[in-house]
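# Structural overview for review
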Amino acid sequence: MGKRIIVAYGLWAIGGPLGLHHIYLERDSHALLLMLTLGGFGVGWMWDFWKIPGLVFKFNKQERKKTNEIKNGIPSASIIQFMAQVTTGIYFGLVAAIGLSTLTSYYVLVLPLAVALGVHLVACVGEKTSKLQNTLVAAFLTSPIFYGRAISMIPISIAASITSHQNRHYRLQQRQHENLSLRLYRIGLAYLAFTGPLAYSALLNTSRTVSYVAESIGTLLGWLSFFPSLSALMEKILLLPYRIWGLFTGGGGLHHQYYKEWEKIYEFVASFQNEKEEMACKILGVSPDATIDEINRHYRDLVKLWHPDHKRHRPIEAEQHFIEIQTAYETLTRLLKMKIHAD
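Residue indices begin from 1 for each chain and proceed along its sequence in written order. Residue-level local features of this predicted model are given only where pLDDT is at least 70; pairs of side-chain atoms are given and counted only at 80 or more, and the full residue set underlies all totals for whole chains, interfaces and linings. For the side-chain quantities, the full set of heavy atoms in the structure was used; hydrogens and water were omitted.

## A short note on the UniProt feature "transmembrane region" (unreviewed entry) in the chain
The UniProt entry lists residues 6–25, 32–50, 79–99, 106–125, 145–163, 184–203 and 209–233 under the feature "transmembrane region" (unreviewed entry), expressed in the numbering used here. Annotation note: span residues 6–25, helix share 75%, strand share 0%, distance between end C-alpha atoms 12 Å. Labels follow the DSSP assignment, with helices taken as runs of H or I lasting at least four residues and strands as runs of E lasting at least two, numbered in each case from the N terminus. Here residues 79–99 is 100% helix and 0% strand, with 30 Å between the C-alpha atoms at its ends. UniProt positions are given in the numbering used here, feature names are shortened, and annotations may be inferred rather than shown by experiment.

This is the structure we're talking about:
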């Protein structure tokens, strides 16, 4: 039975972040991915708006074929899919850390397994797939190298994504259609397996969960401090759920104390921003209420003083100071623009 574009768009509008339009088009892996990542972190859901006509056409074209088929060759590499694999792997690792980090086998079994499954889920989207066993091997071999470190899911996800990308291939295009209830049952089990430990930890062990999330965020932001623009974007993303929650609840409601507990994460990220501003002011030698002209003047003076071309007898020290000055300048100008925009 053919699919209709109007129905697909209707399901996209009603339950796009839950992947309803992908369930309608029998793309269960993609549907599950959207469910577990809140609509592909919002980006995947919006991007699907432009892809729906092509997806419907492809489904109906395959429906008219009489036999199963498998494409030959290796699918073309996709930097977007690779980045999605890395991001989803890290996300799955963070969720495992929140819900299952108390297990004794967390670092050697749970974490690499969770990251590898997240990477493989993205690899199975569309007509492509990859060899799960190779992805698992890469994750389990990388995990001991970063044992016990808060950011261990980052290198594990990168290694697993590279391996998965190298072992990509086309999947068999099936004509047989499974019963909808069976498909929903399978998707539901996978969803519960993912969200169950997370919900248990967040609701019944809130203080510990908040503490771990704050520690992970601090480590991640510290690692990203070498890339000011990326760090700023990450901070906005981390603060967005809190601001949305506050918008709808006003910071209160039936679970006011529970809300206050999670507010610690917002306070932590905000304090991290304040610490960066204080450090940047110290490096440039300006006060926190300095104007843009003062910041620019101090920046130009320090650049002239510490530019590597002017310190050829101390190149390593000059380069280090030059990078610090550049980062401090970017941080202060960005924060100043944010303050002006807020006013």
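Alright, that's what it looks like, and here's the rest.
## Section: the nonpolar core
Across soluble globular proteins, you tend to see nonpolar side chains buried next to one another. The biggest cluster of nonpolar side chains holds 19 residues, and the ones touching the most others in it are Tyr106, Leu111, Val115 and Met153. At the level of secondary structure, the elements contributing two or more residues to this core comprise helix H6 (79–100), helix H7 (106–123), helix H8 (132–142) and helix H9 (153–166). With eight residues, the single largest contributor to this core is H7. Within this scheme, the nonpolar core is defined by two criteria: the residues are buried Ala, Val, Leu, Ile, Met, Phe, Trp, Tyr or Cys, and they are joined through side-chain atoms within 4.5 Å. For every residue, the accessible area obtained with a 1.4 Å probe (protein chains only) is divided by the maximum for its type, and the residue is called buried under 20%, exposed over 50%, and partly exposed between those limits. Leu284, Ala290, Leu302 and Ala318 belong to the second largest nonpolar core, which has 16 residues in total.

## Some points on the packing of aromatic side chains
By convention here, two paired aromatic rings are described through the distance between centres and the angle between planes. Between the rings of Phe, Tyr and Trp (Trp by its six-membered ring), a pair exists once the centres lie within 6.5 Å; its type follows the angle of the planes, with under 30 degrees stacked, over 60 edge-to-face, and the other angles tilted. For the structure shown, the criterion picks out ten aromatic pairs. Ring plane angle 70° and centroid distance 4.7 Å describe the contact between Tyr106 and Tyr107, whose orientation is recorded as edge-to-face. Tyr107 shares its class with Tyr106; the two are buried. For the pair Tyr107 and Tyr147, a centre-to-centre distance of 5.1 Å together with 50° between the ring planes defines the contact as tilted. One end of the pair, Tyr107, is in helix H7; the other, Tyr147, is in the loop between H8 and H9, with 40 residues separating them in the sequence. Cation over ring: Lys3 sits above Tyr24, and NZ or CZ is 4.7 Å from the ring centre. For a lysine, the NZ atom is tested; for an arginine, the CZ atom; a charge sits over a ring if that atom is within 6 Å of the ring centre and within 35 degrees of the ring normal.

## Remarks on the side chain of His165
Position of His165 among the secondary structure elements: in helix H9. Polar contacts here mean pairs of N or O atoms no more than 3.5 Å apart (in protein, one a potential hydrogen donor and the other a potential acceptor; neighbouring residues in sequence count only if both atoms are side-chain atoms). A polar side-chain atom of His165 sits 3.5 Å from a polar atom in the side chain of Gln85. We call two residues in contact when some of their heavy atoms are within 4.5 Å. Beyond its immediate chain neighbours, meaning those up to four positions away, His165 contacts Ala77, Ser78, Gln81, Phe82 and Gln85.

## Some remarks on a nonpolar patch on the surface
Within this analysis, patches are made of residues with over 30% relative accessible area and no salt bridge. Like charges are joined at 9 Å or less; nonpolar side chains (Val, Leu, Ile, Met, Phe, Trp, Tyr) at 5 Å or less. Residue exposure ignores everything except the shown protein chains as possible cover, and the areas themselves are Shrake-Rupley values with a 1.4 Å probe. Here a salt bridge means any side-chain nitrogen of Lys or Arg lying within 4 Å of a carboxyl oxygen belonging to Asp or Glu. A contiguous nonpolar surface patch, about 400 Å² in accessible area, is contributed by Trp47, Phe49 and Trp50. The exposed category is assigned to Trp50, whose relative accessible area is 64%.

## Focus: the layout of surface pockets
Method remark: on a 1 Å grid restricted to protein atoms, a set of points is classed as a cavity if a 1.4 Å probe fits but cannot get out and as a pocket if it is open with protein on both sides within 12 Å along at least five of seven lines; lining residues have an atom within 4 Å of a point. Grid points are joined across faces, edges and corners, and a volume is the space filled by probe spheres set on the points. Approximately 450 Å³ is the volume found for the second largest pocket. Lining the second largest pocket are 19 residues, with Phe92, Leu117, Ala190, Ala193 and Phe194 positioned closest to its centre. Secondary-structure elements contributing two or more residues to the lining of the second largest pocket are helix H3 (28–36), H6, H7 and helix H10 (180–204). As a working rule, the residues Ala, Val, Leu, Ile, Met, Phe, Trp, Tyr, Cys and Pro are called nonpolar, Asp, Glu, Lys and Arg charged, and the rest polar, with Gly in that last group. Considered class by class, the residues forming the lining of the second largest pocket number 17 nonpolar, two polar and no charged.

## Thoughts on the packing of helix H1 (residues 5–15) against helix H5 (residues 43–63)
Interaxial angles span 0 to 180 degrees and are taken between N-to-C directions of axes, which are lines fitted to C-alpha atoms, for helices over the stretch in contact. Put simply, H1 and H5 touch, their axes get as near as 10 Å, and they point 165° apart. On the basis of the axis angle, H1 is roughly antiparallel to H5. Crossing hand, H1 versus H5: right-handed. Across the interface between the two elements, Ile5, Ala8, Tyr9 and Trp12 of H1 pack against Trp45, Met46, Asp48, Phe49, Ile52, Pro53 and Val56 of H5. In the contact of H1 with H5, the residues fall into ten nonpolar, no polar and one charged. Angles are sorted into four bins: roughly parallel if under 35 degrees, roughly antiparallel if over 145, roughly perpendicular if 65 to 115, and oblique for all others. Here is the rule for handedness: rotate from the far helix to the near one, and if that takes an anticlockwise turn smaller than a right angle the crossing is left-handed, while a clockwise turn gives right-handed.

## Considering H7
Between the first and last C-alpha of H7 there are 24 Å, a value that for 18 residues agrees with the 26 Å anticipated at 1.5 Å per step. Among the 18 residues that make up H7, 14 are buried, leaving the element largely enclosed by the rest of the structure. Multiplying one less than the number of residues by 1.5 Å gives the expected span of a helix.

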